[in-house]
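Descriptive analysis of the structure
Chain by chain, the residues run as shown.
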Amino acid sequence: MDFLLVLIIGLLYTAGLYLLMRKSFVKVIIGLILLGHAANLLIFLVGRTTKGNPAFISSNGLIQEPFADPLPQALILTAIVIGFGVQAFAIVLFKRTYQSINSDDLDDMNTTDSMD
Amino acid sequence: MILTLPIILPFFFAIVMMLFWKNYKAHRIINLISSFALLVIAVSLFIMTNNYGIQTLTIGNYIAPFGITLVSDLLSSIMVLITSVIAFGTSIYSLSTIDSENEKFGYYPLLQVLLMGINGAFLTGDIFNLYVWFEVMLISSFVLLALGGKRQQLEGAIKYVTLNLLSSALFLAGVGILYGLAGTLNMADLSLKLSSIPKSELTTIVSILFLVAFGIKSAMFPLFFWLPASYHTPPAAVSAIFAGLLTKVGVYSLLRVFTLIFVNNIEFTHTIILILSGLTMLTGVFGAASQMEFRRILSFHIISQIGYMTMGLGLFTKLAITGTVFYIIHHIIVKTNLFFISGVVQKYSGSYKLKDLGGLYKIYPLIGLLFLIPALSLAGIPPLSGFWAKFLVIKAGIDVDQFLIVAVALFVSLLTLFSMIKIWNEAFWKDADNTNQNKEKLTLVNTVLLFLPIILLALITITIGLNVEPFLNIAEKTADQLLNKNQYIEAVLGIVK
């Protein structure tokens, strides 16, 4: 399981970074989303995965060791919510820009970096 | 209690403004009240922290390493104080420069949410919470940057948004690995736990992840490209508050994590910071020297000045950290003021392009004088504040025999003077060709509102320059607190190590 997650995280980072370097708006957004997922899974993995033992205290007041650490999952939830909001904004921004400059090619967006 | 106010207050007033969404004229008044209240609170927070030591507050009474802690040490309270000064200045300045189109779409509520994010980032003692405040700050800055929807703004916003989201993803990954490594998110607790791990290579790797993430936020070499592509596009008031505060949140975070958490492998991490600082200074100033647009020159100068601040961190002696803190105080005020003035120049002559400007000194000698104060201070001419700031970091460099970085710093400050003189010559001194007809006529009230914040900040610059002793003492005390991290840990966790 852990090994599989490692592979997936690596794959997501690779794909995300590759897409970020493409010229098309849509690909850049997908790249950003993939990077966000990769980071979330990374937190999940380094928070140690424990199979089938949630951190619930049973009726006798004891907790069964080893139990899953709930904190990384709380972090991921927060990060997902934030990521969702930010990505939604990014999509709208890209769409608005597309309407304004009639192109989805990042290379056409050079007016802010030109010299005069 | 007072610790939460710099966060809650802007949030509260933002909500109040949203209740009166249609009545955007009321926003101006509420925004002024909010900024003034923030200033009062920030002053009292600073006095409290200075007199009674580090203030802490654990949210919801979860004891320290488990709950989220708000911490105000000297560095945090100084940053909150300057933020509120700049916020107050920007609030006044916005009254006469932001057009009603932007006000209709919620310029003032966004400004307050931005302040909430910035203050939250300065006050939190929890590394994941820092990430959350970064996002709050970023999303409101995204909207502020794109508000108005001009083509330039949208293009700038795309570059700004993409690179900052990349930085956030890296920061988040760093936080995750750090949690896996130490099992805690509280910065004081992290500092304790990581110092007990014997020279772990993994810690160093995570620290580089943080360096890259915060390096993007603070526009260090080679991660600065979003800054000159976006900062010259929004209205002058927005550029000014961005230029003053946003990159400095990055520098603050660097200063925090690299004095508190990642101090196990100083010769490696801090040497990298030092080298990057030199390159940041050089690229920034060369970029500025080649530009011919008022705000683009200033944007590139932000980058070169960031180099001076991180140079102090890289040297990592008491004097150097003192220099960094002093530099941050000086820089925020001067840089915001220069952006304010660029807006005034645009108001009076209709352009930011140096080739369209000219002859301003003849018509408005006051603007010329007000420009010279922050400009010469930025270049480091005594007795203005920039001289002392540069003197401190350079002296710190000489003390530890880092002559190369000292040479770079001196050379860069010479080139800074060059590009400030370039602006002076082009915009104020050379003969005007009165072809530009975009001039606006200002009413007397608007003129006063326009110049009030500029004069205020210029006075602060002069005060720091002529009466340097108290500011120096505070900066030194701050450096002392940063380098003796046990004080911070003790205040947060309540244990004596």
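Rules used throughout
Residues numbered from 1 in each chain as written. Chains lettered and ligands numbered in written order. Predicted model: local features only at pLDDT ≥ 70, side-chain atom pairs only at ≥ 80, totals over all residues. Helix = DSSP H or I, 4+ residues; strand = E, 2+ residues; numbered from the N terminus. Rg over C-alpha atoms; globule rule 2.2 N^0.38 Å. Buried ≥ 20, exposed ≤ 12 C-beta atoms within 10 Å, placed from the backbone. Contact = placed C-beta atoms within 7 Å. pLDDT = per-residue confidence, 0-100. Axes fitted to C-alpha atoms, helices over the stretch in contact; angles between N-to-C directions. Left-handed = near helix turned anticlockwise from the far one by under 90°. Expected span 1.5 Å × (residues − 1). Pairing = 2+ DSSP bridges. Nonpolar A, V, L, I, M, F, W, Y, C, P; charged D, E, K, R; others polar. Parallel < 35°, antiparallel > 145°, perpendicular 65-115°, else oblique.

Right, let's get into the overall build of chain A. Broken down by element type, chain A carries 3 helices and 0 strands. Ordered by position from the N terminus, the helices and strands of chain A form the series α-α-α. A compact globule built from 116 residues would reach a C-alpha radius of gyration of about 13 Å, whereas chain A, at 20 Å, exceeds it by more than 25%. On the principal axes, the C-alpha backbone points of chain A span a range of 70 × 25 × 20 Å. Looking at chain A as a whole, 27% of its 116 residues qualify as buried. Once local pairs closer than 6 in sequence are excluded, the contacts in chain A between residues at least 24 apart make up 54%.

Let's shift gears to the overall build of chain B. Looking only at helices and strands, chain B has 21 helices and 2 strands in total. Taken over the C-alpha trace, chain B has a radius of gyration of 22 Å; the compact-globule value for 497 residues is 23 Å, and the two agree within 12%. Considering only residue pairs separated by 6 or more positions, chain B has 80% of its internal contacts joining residues 24 or more positions apart.

As a further point, take the confidence of the model for chain B. Per-residue confidence for chain B gives a mean pLDDT of 91, with 98% of residues at or over 70. The ipTM assigned to the predicted complex is 0.93, against a pTM of 0.94.

A separate point is the packing of helix α13 (residues 294–315) of chain B against helix α17 (residues 385–399) of chain B. Two quantities define a packed helix pair, namely the angle between the axes and the distance from one axis to the other. Residues and elements named next belong to chain B. Running from N to C, α13 and α17 cross one another at 35°; their axes reach a closest spacing of 10 Å. Helix-helix and strand crossings are classified by hand; for α13 and α17 the assignment is left-handed. Residues Tyr308, Met311, Gly312 and Leu315 of α13 pack against Lys390, Val393, Ala396 and Gly397 of α17.

All names here are of chain B. For helix α6 (residues 127–146), built from 20 residues, the straight-helix expectation of 28 Å at 1.5 Å per residue is met to within 8% by its first-to-last C-alpha distance of 29 Å. Where burial is concerned, most of α6 is hidden: 19 out of the 20 residues are buried. Gly148 sits one or two positions beyond α6 and adopts a positive phi of about 115°.

All names here are of chain B. Where burial is concerned, the two faces of strand β2 (residues 69–72) agree: the one with Thr69 and Val71 and the one with Leu70 and Ser72 are both buried. In terms of strand pairing, strand β1 (residues 55–58) meets β2 through 4 bridges, oriented antiparallel. Its bridge partner being in β2, Gln55 is matched across the sheet by Ser72.

This part takes up the interface of chain A and chain B. Each partner contributes to the interface: chain A provides 30 residues, whereas chain B provides 30 residues. Every element with two or more residues in the side of chain A that touches chain B is listed here: α2 (25–46) and α3 (70–101) of chain A. Per element, the largest residue contribution to the side of chain A that touches chain B is 15 residues, and it comes from α3(A). Split by residue class, the side of chain A that touches chain B holds 19 nonpolar, 8 polar and 3 charged.

Looking now at the packing of helix α3 (residues 74–97) of chain B against helix α19 (residues 444–466) of chain B. Residues and elements named next belong to chain B. One can describe the packing of α3 onto α19 by two numbers: an axis separation of 8 Å at closest approach and a directional angle of 155°. Taken together, the axes of α3 and α19 lie roughly antiparallel to each other. Handedness of the crossing formed by α3 with α19: left-handed. Between α3 and α19, the contacting residues are Gly89, Ile92, Tyr93, Leu95 and Ser96 on the first element and Asn446, Leu449, Leu450, Leu452, Pro453, Leu456 and Leu457 on the second.

The next point concerns helix α14 (residues 318–349) of chain B. Residues and elements named next belong to chain B. In this model, α14 (32 residues) spans 46 Å end to end at C-alpha, consistent with the 46 Å of a helix rising 1.5 Å per residue. Counting buried residues in α14 gives 29 out of 32 residues, a clear majority hidden from the surface. Remark: Gly350 follows α14 within two positions and exhibits a positive phi of approximately 80°.

The next subject is the confidence of the model for chain A. The predicted model of chain A averages 88 in pLDDT, with 98% of residues at 70 or higher. Mean pLDDT across the elements of chain A ranges from a minimum in α3(A), with 92, to a maximum in helix α1 (residues 2–20) of chain A, with 94.

Residues and elements named next belong to chain A. In this structure, Ile57 sits in the loop between α2 and α3. By C-beta crowding, Ile57 is classed as exposed, having 10 other C-beta atoms within 10 Å. In this structure the C-alpha to C-alpha distance between Ile57 and Ser103, which are 46 residues apart in sequence, comes to 57 Å.

This part covers unusual backbone geometry. With an omega of -10°, the peptide bond between Phe221(B) and Pro222(B) qualifies as cis. The residue Pro222(B) is located in the loop between α9 (201–217) and α10 (226–230) in this model. Residue Pro383(B) follows Pro382(B) across a cis peptide bond; omega there is 5°. Along the polypeptide, Pro383(B) turns up in the loop between α16 (365–379) and α17. Even without glycine at this site, Asn102(A) takes up a positive phi of about 55°. Locating Asn102(A) in the fold gives a position in the segment after α3. For Asp401(B), which is not glycine, the phi dihedral falls at a positive 60°. Tracing the chain through its elements places Asp401(B) in the loop between α17 and α18 (403–429). The exposure class assigned to Asp401(B) is exposed, which follows from the 8 C-beta atoms found within 10 Å.

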